[in-house]
Amino acid sequence: MIGHRGEDFKNLYRAIYPKLQKLFGTRQPVFLSTSSAWAVMEASIRNLADRGVLCCMCGAFSDKWFDVAKRCGKNAEPLQVDWGKHIDRRDIDRQLATGKFDTVTLVHNETSTGVMNPLEEICSILAKYPDVALILDTVSSFSAVEIDMDALGIDVMLTGAQKALALPPGFSLFSVSEKAFARAGKIANRGFYFDFLEFKKEQAQWMTPSTPSIAHIHALQSKLDEIFEEGLQARFDRHARTNALVHDWVRRAGFDFFAEEGFRSKTLTCVKNNKGIDVLEFARELRQKHHLVIDPGYGKIRGETFRLSNMGDETEESVSHLLACLDDVL
Ligand SMILES: *Cc1c(COP(=O)(O)O)cnc(C)c1O
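Now for a look at the structure at hand. (Residues numbered from 1 in each chain as written. Predicted model: local features only at pLDDT ≥ 70, side-chain atom pairs only at ≥ 80, totals over all residues. Heavy atoms only, no water.)

## Looking at the nonpolar core
Then step 1. Leu32, Ile92, Leu96, Ile154, Leu158 and Leu220 are the most contacted members of the largest nonpolar core, which totals 81 residues.
Then step 2. Looking at this core, the element that brings in the most residues is helix 1 (residues 7-24), giving eight residues.
Then step 3. Dropping the residues within four chain positions of it, leucine 220 is found in contact with Ile16, Leu20, Leu32, Leu165, Leu167, Phe171 and Leu173.
Then step 4. The next biggest cluster of nonpolar side chains, apart from the first, holds 21 residues, and it includes Val246, Phe257, Leu308 and Leu323. (Core = buried A, V, L, I, M, F, W, Y, C linked by side-chain atoms within 4.5 Å. Buried < 20%, exposed > 50% of the residue type's maximum accessible area, 1.4 Å probe, protein only. Helix = DSSP H or I, 4+ residues; strand = E, 2+ residues; numbered from the N terminus. Contact = heavy atoms within 4.5 Å.)

This is the structure we're talking about:
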């Protein structure tokens, strides 16, 4: 272990920084948060929401953000669509035109339903409202598809460790725009642990506001080396290929997709149990017989769906193996 208040730590943070900025597509500071992603999601609300938050809701994670905003005492309103559907930019436009909101929360890849929201289209609408800040959760899409934070005008972009990055849980990364820093400066009660301005001040000296999980940062350094050795485009392409393998299997096995066509995630597939199998038993047997773990559906769609991930380190080989084992258990 190295000390977190010395040169060793500064060198570690400095060493991973250019790769982090590249992955985020930003020239803004990238912060290391010793927490899971929810902490940064809550922090973004506490640092930015003033007049009102519009919560774009299309699944378990995005729905929960509305609850979190209210628990933080913020004025929040839902923009809810049915699970499996995407967030339509025209609905955002209509809501923002009321002038009630200064903050929007959006989950890029809704991990519970397998919907990937049309980020570019949504960002082009948000560009019409320069006073509105966009907080974007990329927990299950970061580094799997290209997301250019600065070009898209994203104000807070955050990701966790254990999904798209395939690192151990308990750590997060985020970046903050100048607009968002300026907003935070006017917001009272930001607290300390997740005060964006504390992060900014400390990062300028390659430090974090409180003791960071250094073990995670070593793991992150190793992961970043792997990512850039593979190459970003090759990584994106690998995700596209493994995703297509899963999609082919869904059709071949006679299942449907839970997410609507045109908005299906590139990193995981939420399969609709239209064949009426016992999904929990299916997952149990897959685990027992093949030592493979799949998720038997999240929250209210447990048993009605199951989810197959191709994010992180999955390869054509590992995904093909999973699919062959699924066939076996079916
Ligand atoms: C898993 C997940 C989260 C929450 O992550 P925690 O690590 O539990 O804080 C948030 N958003 C999305 C899209 C997720 O998939």
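## Thoughts on the side chain of serine 177
Then step 1. Following the sequence through the fold, serine 177 ends up in the loop between strand 9 (172-176) and helix 7 (178-185).
Then step 2. On the basis of relative accessibility, which here comes to 9%, the residue serine 177 falls in the buried class.
Then step 3. Within the structure, serine 177 has its side chain in polar contact with the side chain of aspartate 155 (distance 2.6 Å).
Then step 4. Serine 177 has contacts with Gln28, Met149, Ile154 and Asp155, leaving out every residue within four places of it along the chain. (Polar contact = N/O pair within 3.5 Å; in protein donor to acceptor, adjacent residues only side chain to side chain.)

## Brief notes about the packing of aromatic side chains
Then step 1. In the structure shown here, the tally under the stated rule is 16 aromatic pairs.
Then step 2. With a centroid separation of 4.8 Å and 90° between ring planes, the pair formed by tyrosine 17 and tryptophan 206 is classed as edge-to-face. You can see tyrosine 17 sitting in helix 1 and its partner tryptophan 206 sitting in the loop between helix 8 (196-203) and helix 9 (214-230), a full 189 residues away along the chain. Each of the two residues, tyrosine 17 as well as tryptophan 206, counts as buried.
Then step 3. Consider the rings of phenylalanine 24 and phenylalanine 142, whose centres lie 4.7 Å apart with planes at 55°: the pair is tilted. Of the two residues, phenylalanine 24 sits in helix 1 while phenylalanine 142 sits in the loop between strand 7 (133-137) and helix 6 (149-152), which places them 118 residues apart along the sequence.
Then step 4. Given a relative accessible area of 0%, phenylalanine 142 falls into the buried group.
Then step 5. Every member of this aromatic cluster is reached through a ring pair, and the members are Phe31, Phe174, Phe181, Phe196 and Phe199.
Then step 6. Over the ring of phenylalanine 255 we find lysine 275, and its NZ or CZ is 5.0 Å from the ring centre.
Then step 7. Lysine 300 extends its terminal NZ or CZ atom over the ring of tryptophan 83, reaching a point 4.3 Å from the ring centre. (Phe/Tyr/Trp six-rings, centres within 6.5 Å; stacked < 30°, edge-to-face > 60°. Lys NZ or Arg CZ within 6 Å of the ring centre and 35° of its normal.)

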